[in-house]
Amino acid sequence: MDLRQLQFFVAVVEERSFTRAAERLHLAQPGVSARIRQLERELGHPLLDRTGRSVAPTEVGEAVLPYARAALEAAENVRHSADAFTWLLRGHVAVGLVSGATGQFDIASVLADFHSEHPRVDIALTEDTSERMLQALRRGELDIGVLGLADEHPPEGTTAEIVIDEPVTVAVAPDDPLLAHGDGPLPVAALRDRPLISLPRGTGLRGVLERACSEAGFRPRVAFEAAAPPLLARLAARGLGAAVVPAMPPGTAAALGLRTLHLTPQPRARIGLTWRTGGPAGPAARALLPRLRAVLSVPRTDDDSDALGEWSA
């Protein structure tokens, strides 16, 4: 049984004639008759009474008719829905990323697959600081952002799902005076007046540092800024200051010539998949968002951390 057989059956019942049904369907009358006989054989019952001057449904045909019409209506609704969805997925979707996220999640594959399925959608991808991307989200210039968050709560007017959540640590050279504090956590206040090495202003991690220092009663003295965390590590390894970075495995720190100290109170560095409250405005962005949520759904913690380079904004 297929939809074409049901379509022919309904047309014959409505037209009460094989000839008129064939004309309505723009087909040859013998083809319509053959397909309906095939349907009757499959069901094991005659559906049409052909003995009169006009064709009429049999008792079985009367019982089958509403289901045949419902099946055809459902198929048409499926087609309309698909056509409508295809039409909606035209336009533009803009995604912003902190550069550190590109190596941690397979964003490229998500965007490539989405583009293959919806070639009429123009996709724009940009890398920027978290602060500028947040402003762009609020202005509607970005639809979705993967950006650093200063705390666990999303900024006003946005919704966020945390996808990376790691403690912030201090990385220093093996002879740094901060190591004299012992093996326990280092008070944030111990960073007062120390030359610090940090990501630039506007990045999520810099915001975490400034907030932690403010709560400890001082402003951080940032002597060196760099957008690439590996450069922060190299500067710290040469004794130029204490690098404020997300946690890294001891083996990674040792390979870079560094020792790491946990802080107390323990600040945390977070990256969140972020969009405007209420959802993205455009249909293309609304369709892309669940794809990104699926890929980024498992938050990364310090146990998953394997490289300093994942944090750059």
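Remember, it's a predicted structure, so these values are computed and weren't measured experimentally. Numbering of residues begins from 1 in every chain and follows the order in which that chain's sequence is written. Given that the model is predicted, a residue must reach a pLDDT of at least 70 before its local features are reported, and side-chain atom pairs must reach 80 or more before they are shown or counted; all residues, however, enter totals for whole chains, interfaces and linings. Each side-chain value is worked out from all heavy atoms of the structure, with water and hydrogens disregarded.

Asks: An account of the overall build of the chain is needed here, citing residue identities and associated values.
Replies: Within the chain one finds 10 helices and 12 strands. In terms of overall size, the chain is more extended than a compact globule, its C-alpha atoms giving a radius of gyration of 32 Å where 313 residues would be expected to give roughly 20 Å. Overall size of the chain, expressed as C-alpha extent along the three principal axes, is 105 × 35 × 25 Å. Note on exposure labels: buried denotes an accessible area under 20% of the residue type's maximum, exposed denotes more than 50%, and partly exposed covers the range between, all computed with a 1.4 Å probe on protein chains only. Expressed as a percentage of its 313 residues, the buried residues of the chain come to 43%. The contact criterion used is simple: two residues touch if any of their non-hydrogen atoms lie within 4.5 Å. Long-range contacts, defined here as pairs at least 24 residues apart, represent 76% of the contacts in the chain between residues at least 6 apart. Here the chain displays about 15700 Å² of accessible surface, and carbon together with sulfur accounts for 52% of that area. One finds the centroid of the 33 positive side-chain charges in the chain at a distance of 4 Å from the centroid of its 39 negative side-chain charges. Strands are runs of DSSP state E lasting at least 2 residues, helices are runs of H or I lasting at least 4, and numbering of each runs from the N terminus. As a reference, a globule follows 2.2 Å times the number of residues to the power 0.38, and the radius of gyration itself is taken over C-alpha atoms. Using a 1.4 Å probe, accessible areas were evaluated by the Shrake-Rupley method; residue-level cover was limited to the displayed protein chains. Asp and Glu count as negative and Lys and Arg as positive, but His and the ends of the chain are not part of the count. Working definition for charges: the position is that of NZ of Lys, CZ of Arg, CG of Asp or CD of Glu.

Asks: Can you explain the pattern of salt bridges? Please cite residues and give values.
Replies: Salt bridge criterion: a side-chain nitrogen from Lys or Arg within 4 Å of a carboxyl oxygen from Asp or Glu. Within this structure, the stated rule accounts for 16 salt bridges. Of the charged contacts, one joins E14 and R69 as a salt bridge, the two residues approaching to 3.4 Å between their closest N and O atoms. In this pair, E14 sits in helix α1 (residues 3-15) while R69 sits in helix α4 (residues 59-88), placing the two residues 55 residues apart along the sequence. The partner of D165 in a salt bridge is R270, with the nearest N and O atoms 3.6 Å apart. Taken together, the residues span a long stretch of sequence, with D165 in strand β6 (residues 158-172) and R270 in strand β12 (residues 268-276) at a distance of 105 residues. You'll find D165 and R270 in the same group, each marked buried. Salt bridges sharing partners connect three or more residues here, namely E14, E15, R24 and R69.

Asks: Explain the environment of I144 to me, using residue names and the numbers behind them.
Replies: Among the secondary structure elements, I144 is positioned in strand β5 (residues 144-149). Between the C-alpha atom of I144 and that of L288, which follows or precedes it by 144 residues, the distance is 9.1 Å. Residue contacts for I144: discarding those within four places in its chain leaves A94, V95, G96, L137, L273, T274, P280, A285, L288, L289 and L292.

These figures capture arrangement, not role.
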